[in-house]
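Residues per chain are reported as follows:
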Amino acid sequence: MGSRRLRWLVITTVASIALAGCAGSAPRAAESSPSSTVDLPPLVLVMDSSGSMRTRDGGTTRMDAARQAATELISSVPDGTPVSLIAYGTSTGTKSAEKSEGCQDVKTLAPMAPATTDAKNTLKDAVAGLKPRGFTPIALALSKAGKEVPADQPANIVLISDGIETCAPPNPDQAAKDVIATHPKATISTVGFHTDAKASKQLHQVAEAGNGLFVTAANPEQLIKRLKAIQEGTADTQLTSTGLGRAQLGQSYDEVKGAEADFPGWDAAQPFKGDLRGLSEDGKTLFVIVWQDCSYVFSEDKTLVAIDPEKAGTIDEVKPGDSYAQATKLYGDPVSTVANDDGTYTVIFPADNATESAYQMVVSADPAASADAAKITVIVLCRCSLAPDAIVLNAQGVGSVPFDTPAADAEQQLIALLGTPDDVYEGANCEGTGVGQIKLLSWGSFTAAITTSLGDSFDGGPFRLTTWILGTRDGDPQLGSGEVVIEGDITTDTTWDELRARGAEVSNEIDAAGGGEPFTQAELNGITLSDDGASTGPTRASAGESFGCE
């Protein structure tokens, strides 16, 4: 496989560029670079405290993550910067009888005032006291936020939400337009925290109507950095999880051109000669336009599918020259690692599942040998995820659901992630063994096992999601099919020799419980792979803690 370094063998003339790298649009509210001594525009932070913020992701609730991010943002605001705090969903539940009251449940917890030490402490106390309970009246919250900012001065309104408006009408994008109509120098930016495609679309529309920026965040670390970037005015000049500045993956060329008035005409497009996983194979024709030292890649139908900023990094402050280890702190383990012919490695980190975007990075050395020594040389944002709606199985869990998720939460989160299961089995894990009760939920070839009772053989403690299985019980080779894929691109085409080359320990075993039938088994990155003894590669995969029969 050739190098995945994404650089273009084309030359495009761009007039009047005085930028040291791809910068996108200029920041829309702050007019100077932020620092501890530079004034920033007034900030209104609008926080979602609706019932869905009780959802656990990776061991912590969304509300806990939002509290942590908001607290750090407040601490970082330069003294004297006017700040206001608004929250919704704090007072009612989500029953139908409570909706009328719940849709008015928006509170200004801290009116606009300069950020002093005492004022920051008051804001932090208000954030710490938020208890997620009710509905999601985003439009009303934005209208109240507009009343906190000056009519004729720059100001930032920033909304954190994990879901969609539940009290329309009015629609939140119309509320954003109304605020901007009376506050033309303000911006409304939105941060989607663990949002699905529908919520992300709505929050993006709000940001567009508010002349602001929409970003997503999948963990507390991302949420903290992206909140700060929006307030400090640097978010427009870095790759977000969905685009750069006003240019967003999935937009048509005309939409990009309409958003960026100086963007070159289509006659500047040249055939794309690079290598983008999932985009540049199978004879697909791609085109590239270079603008402001940044390369924009379009598909045949003129849809924006990739952005290479040359020197700029991500909104999370990951940039060329940083180590692979720094990227994993923000994005977790990559969903794919591929060795290139020149000794470099291409790694792919999911950027935003709702839009199928990913960060494709080239690192200088084998990251498995030394995560610190492997340096990032290229960062590209692209629609190059493993597959549409791909959900990845690894040693930690599947998608956003980790193995240590309590049983009741696990089932709820799995259904939210994969939809209604095709089949459900609930009963004794192994009759007469004391192993307890188990619940199996199946989606096509993928099965999740939830231990609902551990029985007499195990000590107490919360009952957990324990085992994931990919494959089928009747032996059909469906490894990697459907919505769930395996970290490292392991499929039925992967051979045992290839797995050995990746460092897997491959052994031949006898299935005593299955009548002495032989099978092959391998362990790789916390995943167990096996077959029925008659295949050249694995047909099944499992991960997590298994409570099997003895």
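Refer to the preceding data block for the structure.
Once a new chain begins, its residue numbering starts again from 1 and follows that chain's sequence as written. Confidence filtering applies because this is a predicted model: local features only for residues at pLDDT of at least 70, side-chain atom pairs given and counted only at 80 or more, and all residues used for totals across whole chains, interfaces and linings. Hydrogens and waters are ignored; side-chain quantities use all the structure's heavy atoms.

Participant: Just checking my understanding: could you explain helix H1 (residues 62-76) for this structure?
Facilitator: Residue pairs spaced three or four apart in an α-helix point in one direction, given the helix's 3.6 residues per turn. Strands are runs of DSSP state E lasting at least two residues, helices are runs of H or I lasting at least four, and both sets are numbered from the N terminus onward. Multiplying 1.5 Å by the helix residue count minus one yields the expected span of that helix. Compared with the 21 Å implied by 1.5 Å per residue over 15 residues, the 21 Å span of H1 between its first and last C-alpha is a close match. All of the buried residues in H1 are Arg62, Met63, Ala65, Ala66, Arg67, Ala69, Ala70, Leu73 and Ile74. Each residue gets one of three labels from its accessible area relative to the maximum for its type: buried under 20%, exposed over 50%, partly exposed in between, using a 1.4 Å probe on protein chains only.

Participant: Looking at this model, I keep getting lost on the pattern of salt bridges. Mind explaining?
Facilitator: Two side chains carrying opposite charge are able to pair once their charged atoms lie near each other. Think of a salt bridge as a Lys or Arg side-chain nitrogen and an Asp or Glu carboxyl oxygen that are within 4 Å of each other. Enumeration over the complete set of coordinates arrives at 9 salt bridges. Residue Asp316 is joined to Arg226 by a salt bridge in which the shortest nitrogen-to-oxygen separation is 2.7 Å. In this pair, Asp316 is assigned in the loop between strand E14 (304-308) and helix H9 (324-331) and Arg226 in helix H7 (residues 220-232), connecting sequence segments 90 residues apart. Each member of the pair, Asp316 as well as Arg226, is classed as buried.

Participant: Would you explain the side chain of Glu148 in this entry?
Facilitator: If you trace the backbone, Glu148 turns up in the loop between helix H4 (138-146) and strand E6 (155-161). The sign given to each residue is positive for Lys and Arg and negative for Asp and Glu; His and the chain ends receive no count. There is no salt bridge for the buried Glu148, and the closest opposite charge comes from Lys147, which lies 8.9 Å off by N-O distance. Polar side-chain contacts of Glu148 include one of 2.8 Å to the backbone nitrogen of Met112. Identification of polar contacts relies on pairs of N or O atoms within 3.5 Å, with a donor-acceptor requirement for protein atoms, meaning one able to donate a hydrogen and the other able to accept it, and with residues adjacent in sequence counted only if both atoms are side-chain atoms.

Participant: It is not clear to me how the environment of Ala325 should be interpreted in this structure. Could you clarify?
Facilitator: One can find Ala325 in helix H9. Sequence separation between Ala325 and Lys375 is 50 residues; the distance between their C-alpha atoms is 8.8 Å. Not counting residues up to four positions away in its chain, the partners in contact with Ala325 are Ala371 and Asp372. Residue contacts are defined here by distance: any two heavy atoms, one from each residue, within 4.5 Å place the two residues in contact.

Participant: Where do I start with the packing of H7 against H9 in this structure?
Facilitator: The geometry of a pair of packed helices is captured by two quantities: the angle between their axes and the separation between those axes. Here the axes come from fitting lines to C-alpha atoms, over the contacting stretch only for helices, and the angles between their N-to-C directions go from 0 to 180 degrees. Direction vectors running N to C along H7 and H9 enclose 100°, while the axes themselves pass 7 Å from each other. In this view, H7 runs roughly perpendicular relative to H9, as classed from their interaxial angle. Taking contact as the criterion, the partners of Glu221, Gln222, Lys225 and Arg226 in H7 are, on H9, Lys329, Leu330 and Tyr331. Along the lines of polarity and charge, the residues of the contact of H7 with H9 split into 2 nonpolar, 1 polar and 4 charged. What sets the label is the angle itself: under 35 degrees gives roughly parallel, over 145 gives roughly antiparallel, 65 to 115 gives roughly perpendicular, and the rest give oblique. For this scheme, ten residues count as nonpolar: Ala, Val, Leu, Ile, Met, Phe, Trp, Tyr, Cys and Pro. Four count as charged, namely Asp, Glu, Lys and Arg, and the remainder, Gly too, count as polar.

Participant: Sorry, what's going on with the packing of H4 against helix H5 (residues 172-182) here?
Facilitator: Between H4 and H5, whose axes approach to 8 Å, the crossing angle comes to 10°. Judged on the interaxial angle alone, H5 and H4 are roughly parallel. Every residue of H5 that contacts H4 at Ile138, Ala139, Leu142, Ser143 and Gly146 is listed here: Pro172, Ala175, Ala176 and Val179.

Participant: Can you help me understand the pairing of E14 in this one?
Facilitator: The two faces of the sheet receive side chains in turn, since in a regular strand these alternate between them. Counting buried residues in E14 gives 5 out of 5 residues, a clear majority hidden from the surface. Relative to E14, strand E13 (residues 294-298) runs antiparallel, the two being bridged by 4 bridges. Counted as the bridge partner of Phe298 is Leu304 from E14. Strands pair, by our definition, only if DSSP identifies at least two bridges between them. Adjacent in sequence and paired antiparallel, E13 and E14 are bridged by 5 residues, among which Lys302 carries a positive phi angle near 65°. In terms of strand pairing, E14 meets strand E18 (residues 376-382) through 2 bridges, oriented antiparallel. Residue pairing in the sheet places Ala306 in a bridge with Cys382 of E18.

Participant: Explanation requested: the pairing of strand E16 (residues 345-352) in the structure shown.
Facilitator: In terms of residue burial, E16 counts as a mostly covered element, since 7 of its 8 residues are buried. Pairing of strand E15 (residues 336-339) with E16 involves 4 bridges; the strand directions are antiparallel. Paired with Val338 across the strands is Thr346, a residue of E16. Hairpin geometry of E15 and E16 is characterised by an intervening segment of 5 residues between the two adjacent antiparallel strands and by a positive phi of about 95° at Gly343. Judged from the 7 bridges that link them, E16 and strand E17 (residues 357-363) form a sheet pairing that is antiparallel.

Participant: Would you mind going over the environment of Glu411 with me for this structure?
Facilitator: Mapping Glu411 onto the fold places it in helix H10 (residues 407-418). Taking C-alpha positions, Glu411 is 9.8 Å from Leu440, a pair spaced 29 residues apart along the chain. If we ignore the near neighbours within four places in the chain, the residues touching Glu411 are Lys439, Leu441 and Ile450.

Participant: Whenever I open this one, the packing of aromatic side chains confuses me. Can you help?
Facilitator: Geometry of an aromatic ring pair is reported as the spacing of the ring centres plus the angle between the planes. Stacked, tilted and edge-to-face pairs are distinguished by plane angle, under 30 degrees for stacked and over 60 for edge-to-face with tilted covering the rest, among Phe, Tyr and Trp rings (Trp via its six-membered ring) whose centres lie within 6.5 Å. Under the criterion given, the structure shown has 12 aromatic pairs. Consider the rings of Trp291 and Tyr296, whose centres lie 6.2 Å apart with planes at 45°: the pair is tilted. Tyr296 sits in the buried class, given a relative accessible area of 1%. Seen in terms of ring centroids, Tyr324 and Phe349 are 6.2 Å apart; in terms of plane orientation they differ by 40°. Their pairing is tilted.

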